[in-house]
Amino acid sequence: MTHITFANGDKMPMLGLGTWKSEKGKVFEAVKTAIKIGYRHVDCAPIYGNEQEIGEAIKACIEEGVVRREDLWITSKLWNDSHRKEDVVPAVKNTLKDLSLDYVDLFLIHWPVALKKGVYLATSAADFLSLAEIPLEDTWRGMEEVVHNGLAKHIGVSNFGKANLSKLMGTSTIKPEMNQVETHPYFQQNDLLDFCGENGIPLTAYSPLGSSDRPSALKADNEPNLLEDKVIRSIAESKNAAPAQILISWSLHRGVSVIPKSTNDQRIRENFEARNIQLNSEEMEMISNLEKGRRYLSGEFWVFENGPYQLKDIWA
Ligand code: NDP
Ligand code: 1BO
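No experiment lies behind these values; they were computed from the predicted model shown.

Visitor: Which residues make up unusual backbone geometry, and what are the values?
Guide: Phi at K21 takes a positive value of approximately 75°, unusual for a residue other than glycine. By the secondary structure assignment, K21 is in the loop between β2 (11-13) and α1 (27-37). A positive phi angle, near 65°, is found at N159, a position not held by glycine. Checked against the element boundaries, N159 lands in the loop between β8 (152-158) and α5 (162-171). Using a relative accessible area of 2% as the deciding quantity, one classes N159 as buried.

Written as structure tokens, this is what we have:
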């Protein structure tokens, strides 16, 4: 399977380019390289601070005749400070301006966490709005308007567990069409994958390689390194492949879209070539046995003393 097909027939390429931490000054070339070698899916977000440069790269590729807009799948996300229903359409319009696009293919609620307007990352409990003040259902009404206004073809969520997803499925006229979450062999999310499958919601895997370039403030001590895992490395060696390719291929074999980030020309190519790697059932099982219940992005940065969010609610 190379694409996820939505109910209206639109097809999202399962392998895309991630852009969190892709630095300004580098991301233009990274996106251009990726599109030139065949990537047709780019994952973006305003919080990544680089949508303008990504937009320039997309524009350059279209102007050079490398690709047509309709052949690209561009995802972006609603930042947490724009969860009020009336803030959602203006937020996507800002993203579209930065990306120099008329529409995005997919627009996601980035987190089930609301921040006060203008807050980038929280530094105290006072920066938050609780879900009682802005229910996710209200934010979703704003997301539906985004589709009705032709600003996004599809809408979905990110970092949602079953309970938060269920809140939206009960009341919405457009159901969430994607859940983008952390998943890799150390954190497989099989329960969520099954739940989403039963409800026709595909998953996209973020941090599929272990997100080793995260800021140190978001890292725990002695984190296990996925790319160094002995089983992953031995399967990679047996196929003359790179460990990253095995991780990407494993996700594709599970039917989960995957968006590895790189700004390195060679690794962008290497990751794209993972489409061609076959894993047999024995190899899939060896990788499935690596489960450690280990999130790299713990979400602890949303938890403050006397704040309205606890991890159990965020991941519910
Ligand atoms: P990844 O797991 O994609 O890892 C990125 C790191 O892996 C970088 O250091 C990169 O370095 C390195 N890398 C890339 N390719 C290879 C390779 N072939 N071999 C060895 N190392 C490699 O981490 P991310 O956290 O960035 O996740 C991917 C994307 O998912 C993000 O960029 C973002 O688009 C999305 N995301 C969404 C989140 C959400 O809340 N919705 C949260 C986190 C991520 P280099 O660039 O030098 O190649
Ligand atoms: C706060 C981290 C967001 C990555 O998508």
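Visitor: I'd love a proper account of the site of ligand 2, names of residues and values included.
Guide: Looking at ligand 2, the residues that line it are W20, Y48, H110, W111 and F301. In this structure, Y48 approaches ligand 2 through a side-chain N or O atom, which is 2.6 Å from an oxygen atom. Between ligand 2 and the protein, one listed contact pairs an oxygen atom with a side-chain N or O atom of H110 at 2.8 Å. Among the detected pockets, ligand 2 sits in the largest pocket. By residue class, the composition of the shell around ligand 2 is four nonpolar, one polar and no charged.

Visitor: Hey, could you go over the site of ligand 1 for me, with residue numbers and the actual values?
Guide: The immediate surroundings of ligand 1 are formed by 32 residues, with K21, D43, S211, S262 and R267 found nearest. One nitrogen or oxygen atom from the side chain of E270 is found 2.8 Å from a nitrogen atom belonging to ligand 1. If you tally residues by element for the shell around ligand 1, the top one is helix α9 (residues 265-273), at three residues. A per-class count over the shell around ligand 1 returns eleven nonpolar, 14 polar and seven charged.

Visitor: An account of the pattern of salt bridges is needed here, citing residue identities and associated values.
Guide: Within the structure shown, the criterion is met by 18 salt bridges. For K21, the salt bridge goes to D213, with nearest N and O atoms at 2.8 Å. Pair noted here: K21 is in the loop between β2 and α1 and D213 is in the loop between β10 (203-206) and α7 (230-238), with a separation of 192 residues, a long-range link. Given the relative accessible area of 34%, D213 is considered partly exposed. Taken together, the salt bridges that share partners define one network made up of K21, D213 and K261.

Visitor: Can you lay out the state of the cysteines for me, pointing to particular residues and giving the numbers?
Guide: All chains considered together, the criterion is met by zero disulfides. The structure places no disulfide on C61, whose sulfur is separated from the nearest cysteine sulfur, that of C44, by 13 Å. By relative accessible area, C61 is classed as buried at 0%.

Visitor: Can you tell me about the environment of I277, naming the residues and giving the values?
Guide: Residue position: I277 is located in the loop between α9 and α10 (281-288). Given a relative accessible area of 12%, I277 falls into the buried group. Taking the C-alpha atoms as reference points, I277 and I246, separated by 31 residues in sequence, lie 7.5 Å from one another. If sequence neighbours within four positions are ignored, I277 has contacts with K239, A241, Q245, I246, S249 and H253.

Visitor: Before we move on, could you go through α7 and cite the residues and values that matter?
Guide: Quick reminder: α-helices carry 3.6 residues per turn. Residues three or four places apart thus point the same way. All of the buried residues in α7 are I232, I235 and A236. Seen along its axis, α7 keeps its buried residues to an arc of 100°; they face one direction. Residues of α7 that are exposed and point more than 90 degrees away from the buried face comprise K230, E237 and S238. Those residues of α7 that are buried lie in contact with α8 (243-253) and α10. Where α7 starts, the residue carrying a side-chain oxygen 2.8 Å from the main-chain nitrogen of V231 turns out to be D229. At the exit of α7 stands N240, carrying a positive phi of roughly 55°.

Visitor: Give a description of the packing of α1 against helix α2 (residues 51-63) that names residues and reports values.
Guide: Running from N to C, α1 and α2 point in directions that differ by 35°, and their axes come no closer than 8 Å. Once α1 is placed against α2, the crossing between them reads as right-handed. In contact with V27, F28, V31, K32 and I35 of α1, α2 contributes E53, I54, E56, A57, I58, A60 and C61. Along the lines of polarity and charge, the residues of the contact of α1 with α2 split into nine nonpolar, no polar and three charged.

Visitor: Could you give me a rundown of the pairing of strand β9 (residues 179-182), with the residues and numbers involved?
Guide: Where burial is concerned, the two faces of β9 agree: the one with N179 and V181 and the one with Q180 and E182 are both buried. Note: β8 against β9, two bridges, orientation parallel. Paired with V157 across the bridge in β9 is N179. Pairing analysis gives four bridges linking β9 to β10, with the strands arranged parallel. Looking at the pairing, N179 lines up with L203 of β10. Taken together, β9, helix α6 (residues 190-198) and β10 form a β-α-β motif whose crossover is right-handed.

Criteria and cut-off values
Residues numbered from 1 in each chain as written. Chains lettered and ligands numbered in written order. Predicted model: local features only at pLDDT ≥ 70, side-chain atom pairs only at ≥ 80, totals over all residues. Heavy atoms only, no water. Helix = DSSP H or I, 4+ residues; strand = E, 2+ residues; numbered from the N terminus. Buried < 20%, exposed > 50% of the residue type's maximum accessible area, 1.4 Å probe, protein only. Near = heavy atom within 4 Å. Polar contact = N/O pair within 3.5 Å; in protein donor to acceptor, adjacent residues only side chain to side chain. 1 Å grid on protein atoms, 1.4 Å probe; cavity = no way out; pocket = protein on both sides within 12 Å on 5 of 7 lines; lining within 4 Å. Sits in = over half its atoms within 2 Å of the grid points. Nonpolar A, V, L, I, M, F, W, Y, C, P; charged D, E, K, R; others polar. Salt bridge = Lys/Arg side-chain N within 4 Å of Asp/Glu carboxyl O. Disulfide = S-S within 2.5 Å. Contact = heavy atoms within 4.5 Å. Arc of directions from axis to C-beta. Axes fitted to C-alpha atoms, helices over the stretch in contact; angles between N-to-C directions. Left-handed = near helix turned anticlockwise from the far one by under 90°. Pairing = 2+ DSSP bridges. Right-handed = clockwise from strand over helix to strand, strands pointing away.

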